[in-house]
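Structure assessment
Read off the chains here:
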Amino acid sequence: MPQTLYYLLSAVLFTVGAVGVITRRNAIVIFMCIELMLNAVNLSFITSGNFLNSLDGTIFVIFIMAVAAAEAAVGLAIFVLIFRLKGTVHVDDFNLLKG
Amino acid sequence: MADLIWLIPAFPAIGFLINGLVGIRFPKTLTAWVACLSVIASFAVSATIFVQFLQLAPESRVFEKTVFDWIVSGDFKTQIGFRIDALSIIMCLVVSGVGSLIHIYSVGYMHDDPGFRRFFCYLNLFVFMMLTLVTGDNVLLMFVGWEGVGLCSYLLIGFWYEKDSASNAGKKAFIVNRIGDFGFLLGVFTLVGALGAAGVWTLKFSELQANAHLLGPGLATIITLLFFVGATGKSAQIPLYVWLPDAMEGPTPVSSLIHAATMVTAGVYMIARLNFLYVLAPTTLLVVTVVGLLTAFFAATIGCAQYDIKRVLAYSTVSQLGYMFVGVGAGAYAAGIFHLMTHAFFKGLLFLAAGSVMHAMSGELDMRKMGGLRKKIPITYWTTLIACLAIAGVPGLSGFFSKDEILWMAFSRYHSFWFWALGAVTAGLTAFYMFRMFFNTFHGECRASEEVKHHIHESPKVMTIPLMVLAVLSIIGGYVGVPHLLGGSNHIEKWLEPVVGHHAPAAATHSGGFGIVSTAFASAAEGHGAETSAEMQLMIGAIIIGLLGIFIAWLFYMKNPNIPKRFVEKFHGLFTLVHNKYFVDELYGFIFVKGLFKLGKVCKDFFDETIIDGIINGIAAALSGIGSLIRKIQSGFVQGYAFAIIFGAIIVIGYLISRIL
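Residues numbered from 1 in each chain as written. Chains lettered and ligands numbered in written order. Predicted model: local features only at pLDDT ≥ 70, side-chain atom pairs only at ≥ 80, totals over all residues. Heavy atoms only, no water.

Examining the layout of surface pockets
All names here are of chain B. Approximately 930 Å³ is the volume found for the largest pocket. The wall of the largest pocket is formed by 33 residues, among which Phe-432, Arg-436, Phe-556, Tyr-557 and Pro-564 lie closest to the centre. Of all the elements in the fold, those that place two or more residues in the lining of the largest pocket are helix H18 (417–442), helix H23 (528–559), helix H24 (562–570) and helix H25 (572–579). Looking at side-chain class alone, the lining of the largest pocket contains 22 nonpolar, 6 polar and 5 charged residues. (1 Å grid on protein atoms, 1.4 Å probe; cavity = no way out; pocket = protein on both sides within 12 Å on 5 of 7 lines; lining within 4 Å. Points joined across faces, edges and corners; volume = space filled by probe spheres on them. Helix = DSSP H or I, 4+ residues; strand = E, 2+ residues; numbered from the N terminus. Nonpolar A, V, L, I, M, F, W, Y, C, P; charged D, E, K, R; others polar.)

What follows is the structure, given as structure tokens:
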């Protein structure tokens, strides 16, 4: 059962990412946690693909990484703007998602 | 011929449509021609059918014509259909005949009124509705006409709507009639339900008649009583008579039309039409008779103490309608219809004559300001005299035959001296107040102001000719019903026999009574030959009472005009009571109007503002409370949302895993 260990690592990484997203205050760190979650998912994709002897998982991973890169670029641009506006990137200091 | 029946109501409807829709640019003359000709045309059709009936055997004097299906629902089916038989042809002739005369008269009477065209539209609609009522072949179509005349009476009584009193009188007529119509409707529902339970779903008169025996006596009594409630409203009987005197606010030809030919006679016609139900319910018939007698007497006493000439006539109508109900209540439907017919002639005439007097007196209605008009308006004078004699029951004129027939029928059916006596006293009162009005108006010194005096003149021909025609009818109208006793053969009773059945007064078995009447009783018990002598004695009694009424009126108002003054001074309380109509209006106002206002206030304060508003505002407050709780979730902090998403994802995944395990 070698893949069980991969899945376990993936689960641990995802949980760490998720807890980080909820608990950390710095927007950049939250961002990094999100990347961590995405990579946890990537890891389980590759594991499953390897196990099933299929390339599908790998293709998904490439897609996810491409989208994550684009998202990171847009997200960082937003944070730069917010920093200019408020002088901070601590998420406690802005509740801009209010309707 | 049956194909032509529907033309009778159709003509006035066409007249109404022409004047109402395209008549806006018509000159007055054209409007008048259209309106009058449409009613005259339906009179011509009625007369044609009548002549044709005369040549047929009595049993085959029925035409029916179904136009189309109206309401079809399951087993229940009602059609728009018309029926002409011996009863409805009389009504048609009276309605369209007297109606035509009133139309013609109105051309003169309303000549300077700005609402001339509107008036004739309403008038035509009124006649149309009344003809629908009498020619409809089922109860529902009758009800359409029934409501229609109610609507038209509202429109016409409130014709001069700028006047508060007129529009109020219109509303009063409408509302009081609604109360009666409520009873009528309940009667229709009960009838449909009861017959439907027996498997017969119909409201057509001919089918109802064939199936009336399926109703038990209890149901028949309830149904007929409910219908009678409708009749008390439409025909102004106790307790729903209060609207009729106020209906005087309308133009005089309207009063004449409502009082003589249409509307108020609807109740009598309805009972005669549904006679096959009423014979099943002797209790109802007794109620009808008693209500009729009380109304007749009660209204006659009020009539004696009124100064307004049209109000005297209004109470007289209420009283005479009471007579008709006594007739139908005694099971003598023919006698009731006979009186309806003669009454249409002389009461129509009286109202038109009153209108002519008003015309001459520049609109004055108070008898205290009249007098001495005899020389100045001779045609009105003589025609009024004929009408007064007819309504007072002077032998030889129409009112005598019909009224006497009713009194005799009431007596012979119920063997009650008191019924007859009350009727006869009412006849005396009628004679008294009619001649009180007559002498006050036409004899003695003229009490009008100089200016009014100067203007007094006879009405134009267009008004006086209908007066003369009606006067002739008032004289000869009674000869269709000369009783056997006086050597006649009572044509009208024979004529109506196919519809209302043969009326055989039960042989008198009784005890009590006194004087002339007890001899009548005694001789009546001896057999048929003696019955005629009883009838003769009662007739003579009634004639004497009637003439006495005229004599007293002459004594009071011609011979010694001080008597009334002294009488009023001496019996001041009684006079005030009667003059103010026994304060019935005030009583109704106190009990019903004020009571209903109070009830309305309770409903508004408690039900509306507390309960209904409470529920509505409560729902709103609850929703806004929930909202203010929920809005706290939307904090705007990214991490809050992320937490919610992850928490939700954990729950969903946990659920899925628990399913797999």
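Structure's up, so let's keep going.
A word on the pattern of salt bridges
Residue and element names in this part refer to chain B. Counted by the stated rule, this structure contains 18 salt bridges over all chains. When the shortest N-O distance is used, the salt bridge between Asp-246 and Lys-172 registers 3.1 Å. Here Lys-172 lies in helix H6 (residues 164–197) and Asp-246 lies in helix H9 (residues 243–246), a separation of 74 residues in the sequence. A residue is classified by how much of its surface remains accessible, and Asp-246, at 17% relative accessible area, is buried. When its relative accessible area of 22% is taken as the criterion, Lys-172 is described as partly exposed. Across the salt bridge formed by Asp-605 and Lys-604, the nearest N and O atoms sit 3.5 Å from each other. Among the charged side chains, a salt-bridge network with shared partners connects Glu-64, Arg-83, Asp-85, Asp-137, Lys-204 and Arg-273. (Salt bridge = Lys/Arg side-chain N within 4 Å of Asp/Glu carboxyl O. Buried < 20%, exposed > 50% of the residue type's maximum accessible area, 1.4 Å probe, protein only.)

Quick look at the environment of Gly23(B)
Residues and elements named next belong to chain B. Among the secondary structure elements, Gly-23 is positioned in the loop between helix H1 (7–22) and helix H2 (28–54). Between the alpha carbons of Gly-23 and Val-34 there is a distance of 9.5 Å; along the sequence they are 11 residues apart. Excluding anything up to four places from it in sequence, Gly-23 contacts Ile-18 and Arg-117. (Contact = heavy atoms within 4.5 Å.)

A closer look at unusual backbone geometry
Residue and element names in this part refer to chain B. Cis geometry is adopted by the peptide bond preceding Pro-239, which originates at Ile-238 and carries an omega value of 0°. Following the sequence through the fold, Pro-239 ends up in the loop between helix H8 (217–234) and H9. Here Lys-581, not a glycine, exhibits a phi torsion of approximately 60°, which is positive. Secondary-structure assignment places Lys-581 in the loop between H25 and helix H26 (584–630).

Some points on the state of the cysteines
All names here are of chain B. For the structure on display, the rule yields 0 disulfides over all chains. The thiol of Cys-121 is unpaired, and the distance to the nearest cysteine sulfur, on Cys-152, comes to 11 Å. In this structure Cys-121 comes out as buried when scored by relative accessible area, which is 8%. Free of any disulfide, Cys-304 has its nearest neighbouring cysteine sulfur in Cys-388, separated by 13 Å. (Disulfide = S-S within 2.5 Å.)

Details of the pairing of strand S2 (residues 76–84) of chain B
Taken residue by residue, a regular strand's side chains alternate between the two faces of the sheet. Residues and elements named next belong to chain B. With 7 of 9 residues buried, S2 lies mostly within the body of the structure. Where strand S1 (residues 63–73) and S2 come together, 9 bridges link them in antiparallel fashion. Among the inter-strand pairings, Val-72 is bridged to a residue of S2, identified as Lys-77. Connecting the antiparallel pair S1 and S2 is a turn made up of 2 residues, with Gly-74 showing a positive phi of about 60°. (Pairing = 2+ DSSP bridges.)

Digging into the packing of aromatic side chains
Residue and element names in this part refer to chain B. The final tally for this structure, using the stated rule, is 41 aromatic pairs over all chains. Both rings, one in Tyr-122 and one in Phe-159, keep their centres 6.3 Å apart while their planes meet at 90°; by these two values the pair is edge-to-face. You can see Tyr-122 sitting in helix H4 (residues 116–135) and its partner Phe-159 sitting in the loop between helix H5 (139–157) and H6, a full 37 residues away along the chain. By relative accessible area, which is 18% here, Tyr-122 ends up buried. (Phe/Tyr/Trp six-rings, centres within 6.5 Å; stacked < 30°, edge-to-face > 60°.)

Describing the interface of chain B and chain A
Contacts between the two partners involve 10 residues from chain B, matched on the other side by 15 residues from chain A. Around 980 Å² of area is buried between chain B and chain A when both sides are counted, 66% of it from carbon and sulfur atoms. Of all residues in chain B, the largest losses of buried area upon contact with chain A belong to Phe637(B), Gln639(B) and Ile646(B), amounting jointly to 51% of the total for that side. Linking chain B with chain A are 0 salt bridges, by the criterion used here. Our enumeration of links across chain B and chain A arrives at 4 residue pairs in polar contact (both at pLDDT 80 or more). Across the side of chain B that touches chain A, the residue classes break down as 6 nonpolar, 4 polar and no charged. (Buried area = accessible area lost by both parts, 1.4 Å probe. Polar contact = N/O pair within 3.5 Å; in protein donor to acceptor, adjacent residues only side chain to side chain.)

Quick notes on helix H17 (residues 398–414) of chain B
All names here are of chain B. With 17 residues, H17 ought to run about 24 Å at 1.5 Å a step, and its terminal C-alpha atoms sit 25 Å apart, in line with that. H17 sits mainly inside the fold: 16 of its 17 residues count as buried. Once H17 finishes, His-415 follows within two positions and takes phi at roughly 50°, a positive value. (Expected span 1.5 Å × (residues − 1).)

Things to note about the side chain of Arg311(B)
Residue and element names in this part refer to chain B. With respect to the helices, strands and loops of the structure, Arg-311 is situated in helix H14 (residues 309–329). You can call Arg-311 buried: its relative accessible area is 16%. In this view, Arg-311 contacts Pro-245, Asp-246, Met-248, Gln-306 and Lys-581; residues no more than four positions away in its chain are not counted.

Some points on the confidence of the model for chain B
Residue and element names in this part refer to chain B. Model confidence for chain B is summarised by a mean pLDDT of 86, while 95% of its residues fall at 70 or above. A low-confidence stretch, residues 505–526 stays under pLDDT 50, and its non-local contacts, those more than four residues away or across chains, total 41 contacts. At the level of chain-chain contacts, confidence expressed as ipTM amounts to 0.76, with global pTM at 0.78. (pLDDT = per-residue confidence, 0-100.)

Here's the deal with the packing of H4(B) against helix H10 (residues 252–261) of chain B
All names here are of chain B. The N-to-C vectors of H4 and H10 enclose an angle of 5°; their axes lie 12 Å apart at closest approach. Considering the angle they form, H4 stands roughly parallel to H10. Packed against H4, whose contacting residues are Phe-119, Leu-123, Phe-126, Val-127 and Met-130, the element H10 presents Pro-253, Val-254, Leu-257, Ile-258 and Ala-261 at the interface. Grouping the amino acids of the contact of H4 with H10 by side-chain chemistry returns 10 nonpolar, no polar and no charged. (Axes fitted to C-alpha atoms, helices over the stretch in contact; angles between N-to-C directions. Parallel < 35°, antiparallel > 145°, perpendicular 65-115°, else oblique.)

Quick word on the nonpolar core
Core analysis: the biggest nonpolar cluster contains 204 residues, and Phe227(B), Trp243(B), Met270(B), Ile271(B), Tyr278(B) and Leu496(B) have the highest contact counts within it. Here this core takes 19 residues from helix H15 (residues 333–360) of chain B, the largest share from any one element. With near-sequence residues (within four places) excluded, Trp243(B) lies in contact with Ile157(B), Lys172(B), Ala173(B), Val176(B), Asn177(B), Gly233(B), Lys234(B), Ala236(B), Ile258(B), Met263(B) and Val264(B). Among the nonpolar cores identified, the runner-up in size contains 15 residues, and Ala27(A), Cys33(A), Val91(A) and Ile646(B) belong to it. (Core = buried A, V, L, I, M, F, W, Y, C linked by side-chain atoms within 4.5 Å.)

What to know about the side chain of Asp246(B)
Only 3.1 Å separates the side chain of Asp246(B) from the side chain of Lys172(B), close enough to count as a polar contact. Residues in contact with Asp246(B), not counting those within four places in the same chain, are Ile157(B), Ala169(B), Lys172(B) and Arg311(B).

Some points on the packing of H14(B) against H18(B)
All names here are of chain B. At a minimum axis distance of 11 Å, the contact between H14 and H18 shows a crossing angle of 160°. In terms of axis orientation, H14 runs roughly antiparallel to H18. At the point where H14 passes H18, the crossing takes the left-handed sense. Only Gly-423, Thr-426, Ala-427, Thr-430, Tyr-433, Met-434, Arg-436, Met-437 and Thr-441 of H18 make contact with H14, whose side of the interface consists of Ile-309, Val-312, Leu-313, Ser-316, Ser-319, Gln-320 and Tyr-323. Its residues assigned to classes, the contact of H14 with H18 comprises 8 nonpolar, 7 polar and 1 charged. (Left-handed = near helix turned anticlockwise from the far one by under 90°.)

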